Amino acid sequence: MPNSHERVRRSVPAALAVVLALALFFVARIPGSSGSELSTVAAPYKFTEMPLAMPPGYRQTQTIRQVNPAYYKIRSWISSVGAGVATADLTGHGRDDGICIVDPRTDDIVVTYAPTAPAADRFTPFALNPAPLPMDHRMAPMGCTPGDFNVDGRADLLVHFWGRTPILFLARSDAKTLSPTAYQPVELLPGVSTAGRYTGPRWNTDALDVGSFDGTGHPDIFISNYFPDSDVLDPKGQPNVVMPSSFSDAKNGGGTHVYRWTGGTSGARPSAAYEEQTDAVPYKQATGWTLAISSADLTGDGKPEVYVANDFGKDRIFYNVSTPGHIKFKNVTGKRSAITPKSFAIGHDSNKGMGVDFGDLQGKGRFDLAVSNITAAWGLEESNFVFLNKAKSEAEMAREMADGHAPFEQRAQQLGLAWTGWCWDVKMGDFSNSGRMDVVQADGFIKGDIQRWPWLQEMAMNNDSVFSNPKLWPHVQPGDDLSGGEKLAFYAAKPDGKYSNVSEQLGLAVPIPTRGIATADTRGTGALDLAVARQWGPPAFYANSSPKLGKALSLHLFRPVNGAKPGQGLSGAGTPAYGATVQIWTADGRTQISRLDGGGGGTGKRSFEVRFGLGSSQAPVKARVRWPDGTGSMRQQDLNLAPGAHTLLLTNTATEVPTS
């Protein structure tokens, strides 16, 4: 029989195990704020939910997708994406109160208006009709991106799909109002249809970004697909489908395609021409499972860098080394120290990249990054990323990137933004006009009654060799639940600079999985409104009725278009000034930076407005506007602008023009 000393010795490992388990429990607990503190943080904000007008007779027609037989037992997983929303000025009246919704309940692309829109901007909502372009049962829309793709001063819509290549819906010059006949459907890729049948590649696109990637000011398109080209949605399809080859380093995704704008025509049958840049992205970094893309000019040369958020593997940040007429990117990564976790070095992560946005979180005149990942408590509890820009200047950023480095520091936990749930699209915006960015994050995966987290956890611990075979995945079918009760998150800053999620206090915490987030000042009053796409639920619109709204500087930036007649037909003041960046300095010495976002992120697309919150100050601010002039040269001009809305026409100089 062992003596007391021996019994103590034997008990030490068990005791240590208990202590370690308890320590991990308390470390893993997500720190929270008290109810009174959350109420104080939420006090400056208020949102009013308003119903969105839908087409006459609109009703739900499906609750799950038809999928390839190889995916049947995980058909709820395959059916978990597709909801999208975008905001823009679709009428040309100078207000960003048009909305494009992709609704998986019908697989329609709905064009409607914000509930805050005046009578002049209202019309009968409708679904876009791709005819005469071919569509079949193996195709479904996944997102809608507004833009001026033929550069004629009218807002067009770019729709991407599973099962085919994207379609451009170009606004006709003879259209007097928005209607199904106001748009001309045009293939982005020529030659994908033969004798009325689709014969092109079976792309499965979840993410794209529009920007002036070659620095000429035109709307180039960066596309990264999710599944490899295959019949994902064909219930009679060949078993040519796969899942990711790894849970943390998958490289068998659909691939990246970059298209440079080469021309366009206006008229009753408008057109747009694009040329693929086949060597734009290094092949080794071009085959991830992409869910979101965003871009911003980090180096000050007018050519935006691109961040690609990849599910099941490494995200990518690409340094833009393009020249006019030729788009080219170089992969760069963050540096690691001895105490830096691998995933906290930008471009080295193994997390599930789900959404991304650029914004000035520090208020230092530099672009930072917010990245959504799967952070469900006691599930795949990874971490969201907040990569803070550590370069002292744009010139330093350019030198670092030229050397292959991206000088960012991951600080999500320190800012209170690390853990939300099963996260998707993320958007930064100043909803109180305080001068501090808020962060809104879509959340939730599959809603059901039977908890399936144990099965997924078991799958996550398997060897990578089994992942690509869909037959070896755990069943995820109707009735199963994976983070289905999670809610939209709204993070507001506290006085100490950390963030708290006040979604519950603001009435935004509806337990329906959300996917896309779009923001816009739909009334032109300085109040940033919010539209949300829900997966297998009705879309939502939240009007900003904050009681303590500060002043704002709102800029609509255009390049000139011959014959543009603002307010007539669907014509606006010009074409969006793709590639424009604005930095401001306020009277109290603060600085902020923003850019015209041409359509980045996940399946939510914000309006083209460049805006800044100014707090209570009514003093003019110095604004430095920088833009490509259409020839590959950069222009820059300093302006003194009063708080409020301004429309600037950017030629060789920046000139303020009246709004319609």
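Note that this is a predicted model, so its numbers are computed, not measured.

The rules behind each value
Just so you know, the residues in each chain are numbered from 1, in the order the chain's sequence is written. Owing to the predicted nature of the model, reporting of local features is limited to residues with pLDDT of at least 70; listing and counting of side-chain atom pairs is limited to 80 or more, with chain, interface and lining totals taken over all residues. Each side-chain value is worked out from all heavy atoms of the structure, with water and hydrogens disregarded. Put simply, DSSP marks the helices as runs of H or I at least four residues long and the strands as runs of E at least two long, and each gets a number from the N terminus on. Only the C-alpha atoms count toward the radius of gyration. The rule for a globule is 2.2 Å times the residue count to the power 0.38. The rule is simple: take the accessible area with a 1.4 Å probe, protein chains only, and divide by the maximum for that residue type; under 20% is buried, over 50% is exposed, in between is partly exposed. The contact definition used throughout considers only heavy atoms, calling two residues in contact when any of these lie within 4.5 Å. Note on areas: Shrake-Rupley with a 1.4 Å probe; residue coverage comes only from the protein chains shown. Definition of nonpolar core: a set of buried residues of the types Ala, Val, Leu, Ile, Met, Phe, Trp, Tyr and Cys, connected through side-chain atoms within 4.5 Å. In the analysis that follows, any N or O atom pair within 3.5 Å is treated as a polar contact, provided that within protein one partner can donate a hydrogen and the other can accept it, and provided that, for residues neighboring in sequence, both atoms belong to side chains. Should DSSP find at least two bridges between two strands, the strands are taken to pair. What fixes the domain bounds is an automatic or database domain assignment. Note on terms: buried area is the combined drop in 1.4 Å-probe accessible area of two parts once they are placed together, counting the loss on both. Here, a salt bridge means any side-chain nitrogen of Lys or Arg that lies within 4 Å of a carboxyl oxygen of Asp or Glu. When residues are sorted by character, Ala, Val, Leu, Ile, Met, Phe, Trp, Tyr, Cys and Pro go into the nonpolar class, Asp, Glu, Lys and Arg into the charged class, and all the rest, Gly among them, into the polar class. Comment: axis = line fitted to C-alpha atoms, over the contacting stretch for helices; angle = value between 0 and 180 degrees taken between N-to-C directions. Throughout, the arc means that of the directions going from the helix axis to the C-beta atoms. UniProt positions are given in the numbering used here, feature names are shortened, and annotations may be inferred rather than shown by experiment. Note on aromatic contacts: the rings of Phe and Tyr and the six-membered ring of Trp form a pair at centre separations within 6.5 Å, being stacked when their planes are under 30 degrees apart, edge-to-face when over 60 apart, and tilted otherwise. The criterion for a charge sitting over a ring is simple: Lys NZ or Arg CZ within 6 Å of the ring centre, and within 35 degrees of the ring normal. A residue's pLDDT is simply how confident the predictor is in it, with values from 0 to 100.

Attention now goes to the overall build of the chain. Scanning the chain from N- to C-terminus turns up seven helices and 42 strands. Relative to a compact globule of 660 residues, whose C-alpha radius of gyration would be 26 Å, the chain shows 24 Å and is just as compact. The proportion of buried residues among the 660 residues of the chain is 61%. If you take every contact in the chain between residues at least 6 apart in sequence, the share linking residues at least 24 apart comes to 65%. Carbon and sulfur atoms make up 53% of the accessible area of the chain, which amounts to about 24500 Å² in all.

Attention now goes to the nonpolar core. One finds Tyr71, Trp77, Ile78, Phe227, Trp422, Trp473 and Phe490 to be the most contacted residues of the largest nonpolar core, which totals 56 residues. In this structure, Leu208, Tyr259, Phe608 and Ala623 belong to the second largest nonpolar core, which totals 41 residues.

Another point: the side chain of Thr522. Checked against the element boundaries, Thr522 lands in the loop between strand 30 (514–520) and strand 31 (529–534). Owing to a relative accessible area of 1%, Thr522 belongs among the buried residues under this scheme. Engagement of the side chain of Thr522 in a polar contact is seen with the side chain of Thr116, the distance being 2.6 Å. At 2.5 Å, the side chain of Thr522 and the side chain of Asp529 are in polar contact. If near-sequence neighbours (up to four positions away) are discounted, Thr522 is found in contact with Arg95, Asp96, Asp97, Ala114, Thr116, Ala527, Asp529 and Phe541.

With mixed pairing, five strands are arranged side by side in an open sheet as 5-4-3-2-37. At either margin of the open sheet sits one strand with a lone partner, and together these are strand 5 (126–127) and strand 37 (604–605). One ladder, built from six bridges, connects strand 3 (residues 98–103) with strand 4 (residues 108–113); its direction is antiparallel. By the bridge assignment, Gly98 is partnered in strand 4 with Tyr113.

A word on the domain arrangement of the chain. On domain assignment, one finds that the chain holds domain 1 (49–544) and domain 2 (551–657). The gap between the C-alpha centroids of domain 1 and domain 2 is 23 Å. Each partner contributes residues to the interface: domain 1 has 76 residues there, and domain 2 has 48 residues. Summing the contributions of domain 1 and of domain 2, the shared interface buries around 4400 Å²; its carbon and sulfur component is 48%. We note a salt bridge from Arg595 to Asp357, for which the minimum N-O separation is 4.0 Å. Those elements that place two or more of their residues in the side of domain 1 that touches domain 2 are strand 2 (84–88), strand 6 (140–147), strand 12 (205–211), strand 16 (289–296), strand 20 (355–359), strand 24 (423–429) and strand 30. In terms of residue class, the side of domain 1 that touches domain 2 is built from 29 nonpolar, 28 polar and 19 charged.

Let's shift gears to the sheet that holds strand 39 (residues 621–628). The antiparallel open sheet is built from four strands, whose spatial order is 36-35-39-40. Two strands lie at the open edges of the sheet, namely strand 36 (591–595) and strand 40 (634–641), each paired on one side alone. Mean inter-strand twist for the sheet, computed between neighbouring axes without regard to direction, equals 15 degrees. Relative to strand 39, strand 35 (residues 581–585) runs antiparallel, the two sharing five bridges. Within the sheet, the bridge partner assigned to Gln583 lies in strand 39 and is Arg624.

Turning to helix 6 (residues 453–460), a few remarks are in order. When we look at burial in helix 6, the residues that qualify are Trp453, Leu456 and Met459. Each buried residue of helix 6 lies within a common arc of 120 degrees when the element is viewed along its axis, so the set occupies one face. Facing away from the buried side of helix 6, by more than 90 degrees, are the exposed residues Pro454 and Glu458. Tucked into the core, helix 6 has its buried residues touching helix 3 (75–78), strand 26 (450–451) and strand 27 (480–481).

According to UniProt, the positions carrying the feature "domain: ASPIC/UnbV" (unreviewed entry) are residues 577–631. The span residues 577–631 carries 0% helix and 47% strand; its end-to-end C-alpha distance comes to 13 Å.

Residues Leu38, Val41 and Ala42 constitute the buried set of helix 2 (residues 35–42). Looking straight down helix 2, one finds that the buried residues subtend no more than 95 degrees of arc, so they occupy a single side. Along helix 2, the residues that are exposed and aim more than 90 degrees away from the buried face are Ser36 and Thr40. Its buried side turned inward, helix 2 meets strand 28 (489–493), strand 29 (499–501) and helix 7 (503–506).

Here the focus is the packing of aromatic side chains. One pass over the structure, following the stated rule, counts 32 aromatic pairs. Between Phe47 and Phe490, the aromatic rings sit 5.6 Å apart at their centres with planes inclined by 65 degrees, giving edge-to-face as the arrangement. In this pair, Phe47 sits in strand 1 (residues 47–50) while Phe490 sits in strand 28, placing the two residues 443 residues apart along the sequence. With respect to burial, Phe47 and Phe490 carry one shared label: buried. When the ring of Phe344 is compared with that of Phe385, the centres are 6.4 Å apart and the planes differ by 85 degrees; the resulting orientation is edge-to-face. Of this pair, Phe344 sits in the loop between strand 19 (329–332) and strand 20 while Phe385 sits in strand 22 (residues 385–389), and the two are 41 residues apart along the sequence. Against the face of Trp424 rests Arg515, its NZ or CZ located 4.1 Å from the ring centre. Taking NZ or CZ as reference, Lys622 lies 4.9 Å from the ring centre of Trp585, over its face.

Looking now at the confidence of the model for the chain. Per-chain confidence: the chain averages 93 in pLDDT, with 95% of residues scoring 70 or above. Across residues 12–29 the pLDDT falls below 50, and counting only partners more than four positions away or on other chains, this stretch makes three contacts in the model.

With that settled, the discussion passes to the environment of Gly550. Structurally, Gly550 is set in the loop between strand 32 (540–544) and strand 33 (551–559). Spatially, the C-alpha atoms of Gly550 and Met139 are 45 Å apart, while their sequence positions differ by 411 residues. Aside from chain neighbours lying at most four places away, what touches Gly550 is Ser432, Asn433 and Gly615.

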